[in-house]
Amino acid sequence: MELVERLTPSMRRVARMFVSTDAVADEAVQEAWLGVLQGIDRFEGRSSLRTWIFRILVNTAKTRGQREARSVPFATLAGDDLDEPTWDPTAFDAGGHWSSLPFDWRGLPEERLTGHETLVVIGRAIETLPPMQAEVIRMRDVLGWSSDEVRNALELSDTNQRVLLHRARAKVRAAVEKHLRSVSA
Amino acid sequence: MSNDIVCRDLLELISRYLDDALPGDVHAGVEAHLAVCDGCSMVLEEFRTTIRMTGMLTEDQVTPAQRDTLLAAFRDWTG
C-alpha cells in the first residue's frame, strides 16, 4: 500500500494528460493498479518497478483517451516552446556573450532561499508549466528519479526528456529569481 | 578557438552537463568556459540551488477518499 500511496498522485496527473476528466483519470489509475497486480508475475526487472507501473498506466490512459476520441497533440502536453531558446536572447550580444547579467541571488541567506515563501513560488511555477514539463521536473527533481526511469515511464525519447527537464528548470529558476529580486529590493 | 562555447549556447547545456550526459569534448568545453565566465558560473550555481530547493517540495498526498476507492477496487479483484 505504501507504493500505491507514493505513486498514485503522479499517476493521476499523468493519466489526466490523456483523458478528459479527473474521474476518468482515477478510473485509469485503478485499472492500471489492477493490471499491475495481475501482471506482476510478468515483471522481469528489466526496468525499475515504478517505471514498469507507469508504462502500464500510460497505456491504460491512452487507450481510455482513444475510447473517448480524445487525442492530445504532443505539443499541447510538452509545450510549444521547445524549439525556442531557453534564455531571453536580448541578454546576449551579437557574439552570444552576456550583455546584461541576471540578478545575482547567490549570496542570499539560506533561510530566504529555502524558506516557505520560495518553495511556494517553486510549486506554483511548476503548476503553470505545460503538463509534460511539470511531470518531468517533478519526477526528476522532486521525486529523484533518473533520466532513464523518467524517459521510460513517460514514453519520451532521451532528447525530449532532457529538453523538457531543462526548459522546466529554466522557468522555475526564472520564477525564483523574480521572487528573490522583488523581496530583496 | 572557433569552436569555443559561447554563453548563449552554454545555457542550453546546463541540465545535460549536470546529468553528465554530454559528449566528452563538449563537457570539457563547458568546463573551460565556466572557468573563465562569471555570468555562466553564477547561472550554473543557481540551477544547482533551484534543483536543491525543488527537491524540498513534497509530493501531493493521496486523499482518504481516493485511498478508499483504490482499496475497494483491490478487494473486488482479490474477491
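None of the values given here were measured: they were computed from a predicted structure.

1. Details of the overall build of chain B
- Broken down by element type, chain B carries 4 helices and 0 strands.
- Listed by position from the N terminus, the elements making up chain B come as α-α-α-α.
- Here the C-alpha radius of gyration of chain B, 22 Å, is well above what a compact globule of 79 residues would show, namely 12 Å.
- Dimensions of chain B, computed from C-alpha atoms along their principal axes, come out at roughly 70 × 25 × 15 Å.
- For chain B, with 79 residues in total, the buried portion stands at 24%.

2. Considering the confidence of the model for chain B
- On average, residues of chain B score 88 in pLDDT, and 91% of them are at 70 or above.
- Here the predicted complex carries an ipTM of 0.89, next to a pTM of 0.90.

3. Examining the packing of helix H1 (residues 7-18) of chain B against helix H2 (residues 24-36) of chain B
Residues and elements named next belong to chain B.
- Their axes nearest at 11 Å, the elements H1 and H2 cross at an angle of 120°. As H1 packs across H2, the resulting crossing turns out to be left-handed. Residues Leu10, Leu13 and Tyr17 of H1 lie in contact with H2, whose contacting residues are His27, Val30 and His33.
- Broken down by class, the residue content of the contact of H1 with H2 amounts to 4 nonpolar, 2 polar and no charged.

4. Quick word on unusual backbone geometry
- With phi around 55°, A:Glu155 is a residue other than glycine that occupies positive phi space.
- Along the chain, A:Glu155 falls in the loop between helix H8 (147-153) and helix H9 (158-184).
- Phi is positive for B:Asp20, close to 60°, though the residue is something other than glycine.
- Take B:Asp20: there are 7 C-beta atoms within 10 Å of it, and that puts it in the exposed class.

5. With respect to the interface of chain B and chain A
- On the side of chain A, 39 residues touch chain B, which itself brings 33 residues to the contact.
- If you list the elements that add at least two residues to the side of chain B that touches chain A, you get H1, helix H3 (38-54) and helix H4 (64-78) of chain B.
- Considering each element in turn, the side of chain B that touches chain A owes the most residues, 11 residues, to H3(B).

6. Side note on helix H2 (residues 22-39) of chain A
- Taking 1.5 Å per residue as the helical rise, H2(A) with its 18 residues ought to reach 26 Å, and the 25 Å between its terminal C-alpha atoms agrees with that figure.
- Those residues of H2(A) that sit buried are A:Ala25, A:Asp26, A:Ala28, A:Val29, A:Gln30, A:Ala32 and A:Trp33.

7. Digging into the domain arrangement of chain A
Residues and elements named next belong to chain A.
- Partitioning chain A into structural domains gives domain 1 (2-67) and domain 2 (74-184).
- When each unit is reduced to the centre of its C-alpha atoms, the spacing between domain 1 and domain 2 is 26 Å.
- Between domain 1 and domain 2, the contact holds 11 residues from the first and 11 residues from the second.
- Going through the elements one at a time, helix H1 (2-18) and helix H3 (49-67) are the ones with two or more residues in the side of domain 1 that touches domain 2.

8. Some thoughts on helix H7 (residues 131-142) of chain A
- Summarising burial for H7(A): 10 of the 12 residues are buried, a large majority.
- Those residues of H7(A) that sit buried are A:Met132, A:Gln133, A:Ala134, A:Glu135, A:Val136, A:Ile137, A:Arg138, A:Met139, A:Arg140 and A:Asp141.
- On its buried face, H7(A) sits against H1, helix H4 (74-78), helix H6 (116-127), H8 and H9 of chain A together with H3 of chain B.
- Count one or two residues on from H7(A) and you reach A:Gly144, which has phi positive near 80°.

9. Quick notes on the packing of H1(B) against H3(B)
All names here are of chain B.
- Contact pair H1 / H3: the axes reach a minimum separation of 10 Å and the direction vectors enclose 30°. With respect to the hand of their crossing, H1 and H3 are arranged in right-handed fashion. Here Cys7, Leu10, Leu11, Ile14 and Leu18 of H1 lie close against H3, whose contacting residues are Gly39, Cys40, Val43, Leu44 and Phe47.
- A breakdown of the residues in the contact of H1 with H3 according to their chemical character gives 9 nonpolar, 1 polar and no charged.

What counts, and where the lines are drawn
Residues numbered from 1 in each chain as written. Chains lettered and ligands numbered in written order. Predicted model: local features only at pLDDT ≥ 70, side-chain atom pairs only at ≥ 80, totals over all residues. Helix = DSSP H or I, 4+ residues; strand = E, 2+ residues; numbered from the N terminus. Rg over C-alpha atoms; globule rule 2.2 N^0.38 Å. Buried ≥ 20, exposed ≤ 12 C-beta atoms within 10 Å, placed from the backbone. pLDDT = per-residue confidence, 0-100. Axes fitted to C-alpha atoms, helices over the stretch in contact; angles between N-to-C directions. Left-handed = near helix turned anticlockwise from the far one by under 90°. Contact = placed C-beta atoms within 7 Å. Nonpolar A, V, L, I, M, F, W, Y, C, P; charged D, E, K, R; others polar. Expected span 1.5 Å × (residues − 1). Domains from an automatic or database assignment.

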